[in-house]
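# Per-entry structural report
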Amino acid sequence: MSDHTYSPAQGQSVLWMRLLLWALLILFAIWFLLPAYVVVGTSLKDLEEIRGGSLLALPHELNFSAWKHAWNEACIGVRCTGLEPYFWNSVFMALPAVFISTLLGALTGYALTKFQFRGANMIFALILFGCFVPFQVVILPMAQTLGRLGITNTVYGLILVHSVYGLAFTTLFFRNYYVTIPDELVRAATIDGAGFFTIFRRIILPLSPPIIVVSVIWQFTQIWNDFLFGASFTTGGAQPITVAMNNLVNTTTGVKQYNVDMAAALITAAPTLFVYIVAGRYFVRGLTAGSVKG
Amino acid sequence: MASLTIKNAVKRYGNVEVLKGVDIDLEDGEFLVLLGASGCGKSTLLNMIAGLESVTEGEIMIGDRVINDVHPKDRDIAMVFQSYALYPNMSVGKNISFGLEMRGVPKKERDQAVQEVAKMLQMDHLLDRKPSQLSGGQRQRVAMGRALVRRPEVFLFDEPLSNLDAKLRLEMRTEIKRLHKRLNATMVYVTHDQIEALTLADRIAILKDGEVQQLGTPAEIYDRPVNMFVAGLVGSPPMNFIEATVVRTDSGYAAEVMVRAAGADQTVLLDLDAQAADVSDRVGRKIIVGLRPEAITQAGQKAGGDAQSFPSDIDVTEATGADTLCVLHWNGKEVMARVSSGYAQIIEGTMDFAVDMSRASLFDPETEKRLD
Ligand SMILES: Nc1ncnc2c1ncn2[C@@H]1O[C@H](COP(=O)(O)OP(=O)(O)OP(=O)(O)O)[C@@H](O)[C@H]1O
Ligand SMILES: [Mg+2]
């Protein structure tokens, strides 16, 4: 800006525009941050304070007892274990499902682009179709499948469901990334004597981190945040944290404990928030990343 | 040591015939250049030799082994790609040794082989870099090194120099020629640069629409092109095609053309007696006289015994350094002549030109084939 020169009048109006812009931005920032503030604030108050003070008032002290309660004391249905076991359910569901769907998506994308076979595009179109199938459509057949396999109401069942459902998306990601990798690379490696899996492991995978980040973030948030599959295919102790949190909020024994509900919500959202904060900038970078140089 | 034999090779994609029966026989140590316009099937043929494309019909043999169904890695070939196709995640040294590693060569031998090749191509200092840290020319060298390190029987090059600037291209051309001499390996080289073809090849195969038009030494291709397509493809500036009528003369036959001299069209008879072609049954009909620019030059001095000379108007001159190109008007069309620089500077107007008809090629105007 400093290398522009304005007449005084021009400078004035530019300044006013700028101030207006800032004011608007701040206003919207407050507007969007307010609910988050209320949730965090409330989770740090005790019930007295909630009843006594305003919704927007700052908590008197940092009181983590609601968090502790939500983590391992609160009653969910008849069991008073807090969210902890369900948190681990979600972890043991999400990590393998993310890993499996990402790996399979990478392999499928690689096969579809670099080992073009008859009908490869047709198959890709069909897989792509999977992205548009709503959850609700697959619930019934999926329940039957899980029943036949004998893994209803287990974490394994959810791992399978999410791996299969996620495959359409991960394949799309990897396929679109791998079309930008020149085919000559694979041809050169073939002449050098590398086979399908060696090329994948030694050449293609090392070029994939940007899109792996995208796939992992996408899959992790999808799977962690999923409610429908979790509620449909599991009950009681095998439920993921999203379902457990819902039940925790709905289980009322006497007084409504808003601070515990808020803490539970924050605990549930923490892992996805964490992933976004740590890897968020790689997400955009990965989505826009093109092919390789050299 | 290996010869390379391509017998009636056909390639079809669905019902599109990309190669229509190619026959090429290469002796051990020969350097073959496949020359042709874009889309004529050069890369397809090369990929078939490499095993990257299947052979629809016909046979490809290295030595006396049919390799149609042999996996690329077992064909004892190496290939250099136009885009170099260096593995971006590996260092230069790893790039070069990857093929050896895949073949189970022990680490110590691999390192030694890499060192040797690096020395040969003067890139010892680059071995630890990644391909993205190299210049275009250096990448080219690495790609060559990767091919060299395995000491294959047959080297395949797909337009390896087309991504380099003019100066580097010249350097690498010489380098490839030197390597060929040194290794004495059989090489197949694809290009659409006719100068590259003429300078590198032991033999050139000219492809058009999936068919070999002519297979011969650079001299054969240049001096005795089998048809007008080949004649027009090779040589720069290209051969002049002059439509002329065959007439009888006292001594035999001649081709009659109208040459613009001193502002008016003059009839000139180009002597056909030095030609091997029999034109006796073409008297009164048209033929195409193909004359390279250097066969039309200034009269006097170095005109050979059988050169005939006559005046012609110079329309434009283009100095190229050693020579000057003069644009003349014959039969109402432009004709290029090549004159030593000293002359054209003096005259822009009418000048005496000598034509060496022993170097002319005659073509049939309908079939466009050479008359011999
Ligand atoms: N998979 C394919 N399916 C159908 N046609 C193809 C396929 N691959 C190549 N072709 C066609 O085969 C012809 C020859 O292609 P090729 O790549 O061999 O040309 P080229 O001579 O190497 O050209 P360039 O100089 O541009 O590299 C082209 O007309 C191309 O369109
Ligand atoms: Mg090509």
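Residues numbered from 1 in each chain as written. Chains lettered and ligands numbered in written order. Predicted model: local features only at pLDDT ≥ 70, side-chain atom pairs only at ≥ 80, totals over all residues. Heavy atoms only, no water.

### Some points on the overall build of chain A
Per the secondary structure count, chain A includes 13 helices and zero strands. Reading chain A from its N terminus to its C terminus gives the helix and strand order α-α-α-α-α-α-α-α-α-α-α-α-α. Its C-alpha radius of gyration of 25 Å places chain A more than 25% over the 19 Å reference for a compact globule of 294 residues. Across its three principal directions, the C-alpha atoms of chain A cover 75 × 75 × 30 Å. Within chain A, the proportion of its 294 residues that are buried is 38%. Here the analysis covers contacts within chain A between residues at least 6 apart in sequence; of these, 72% occur between residues at least 24 apart. Carbon and sulfur atoms provide 71% of the accessible area of chain A, an area that totals close to 16300 Å². Here chain A carries 16 positive and 12 negative side-chain charges, and the mean point of each set is 13 Å from the other. (Helix = DSSP H or I, 4+ residues; strand = E, 2+ residues; numbered from the N terminus. Rg over C-alpha atoms; globule rule 2.2 N^0.38 Å. Buried < 20%, exposed > 50% of the residue type's maximum accessible area, 1.4 Å probe, protein only. Contact = heavy atoms within 4.5 Å. Areas by Shrake-Rupley, 256 points an atom, 1.4 Å probe, with all protein chains shown as cover. Lys, Arg positive; Asp, Glu negative; His and termini not counted. Charge placed at Lys NZ, Arg CZ, Asp CG, Glu CD.)

### A few points about the packing of helix 5 (residues 120-129) of chain A against helix 7 (residues 155-178) of chain A
Residues and elements named next belong to chain A. One can describe the packing of helix 5 onto helix 7 by two numbers: an axis separation of 9 Å at closest approach and a directional angle of 135°. The angle between helix 5 and helix 7 places the two elements in the oblique class. Residue-level contacts link Asn121, Phe124, Ile127 and Leu128 of helix 5 to Ala168, Thr171, Leu172, Arg175 and Asn176 of helix 7. Considering only residue class, the contact of helix 5 with helix 7 consists of five nonpolar, three polar and one charged. (Axes fitted to C-alpha atoms, helices over the stretch in contact; angles between N-to-C directions. Parallel < 35°, antiparallel > 145°, perpendicular 65-115°, else oblique. Nonpolar A, V, L, I, M, F, W, Y, C, P; charged D, E, K, R; others polar.)

### Overview of the site of ligand 1
All names here are of chain B. Around ligand 1, the neighbouring residues are Tyr13, Val18, Ala37, Ser38, Gly39, Cys40, Gly41, Lys42, Ser43, Thr44, Glu159 and His192. The separation between an oxygen atom of ligand 1 and a polar main-chain atom of Cys40 is 3.2 Å. Between Ser43 and ligand 1, the recorded distance is 2.6 Å, taken from a side-chain N or O atom to an oxygen atom. Coverage of ligand 1 by the protein chains reaches 57% of its 640 Å² of free accessible surface. Of the residues forming the shell around ligand 1, the biggest block, three residues, is contributed by helix 1 (residues 42-50). Split by residue class, the shell around ligand 1 holds four nonpolar, six polar and two charged. (Near = heavy atom within 4 Å. Polar contact = N/O pair within 3.5 Å; in protein donor to acceptor, adjacent residues only side chain to side chain.)

### Here's the deal with the nonpolar core
Core analysis: the biggest nonpolar cluster contains 95 residues, and Tyr178 of chain A together with Ile24, Leu156 and Val188 of chain B have the highest contact counts within it. Excluding residues within four positions of it along the chain, Leu156 of chain B makes contact with Leu46, Ile49, Ala50, Ile77, Ala78, Met79, Val80 and Val188 of chain B. The next biggest cluster of nonpolar side chains, apart from the first, holds 45 residues, and it includes Val114, Leu121, Ile176 and Ala197 of chain B. (Core = buried A, V, L, I, M, F, W, Y, C linked by side-chain atoms within 4.5 Å.)

### Quick word on the domain arrangement of chain A
Interfaces are frequently sized by the accessible area removed from exposure as the parts join. Residues and elements named next belong to chain A. Domain boundaries assigned for chain A yield domain 1 (8-63) and domain 2 (84-289). With nine residues of domain 1 in contact, the opposing surface of domain 2 contributes eight residues. Note on domain 1 versus domain 2: buried area summed over both sides is about 640 Å², and carbon and sulfur give 80% of it. It is Val39, Ser43 and Leu47 in domain 1 that bury the most area against domain 2; as a group they hold 61% of the surface buried on that side. Across the contact surface, domain 1 and domain 2 share zero salt bridges. Between domain 1 and domain 2 we count one residue pair in polar contact (both at pLDDT 80 or more) in total. Within the residue set of the side of domain 1 that touches domain 2, elements represented by two or more residues are helix 1 (8-43) and helix 2 (47-52). Examining the composition of the side of domain 1 that touches domain 2, we find that four residues originate from one element, helix 1, more than from any other. (Domains from an automatic or database assignment. Buried area = accessible area lost by both parts, 1.4 Å probe. Salt bridge = Lys/Arg side-chain N within 4 Å of Asp/Glu carboxyl O.)

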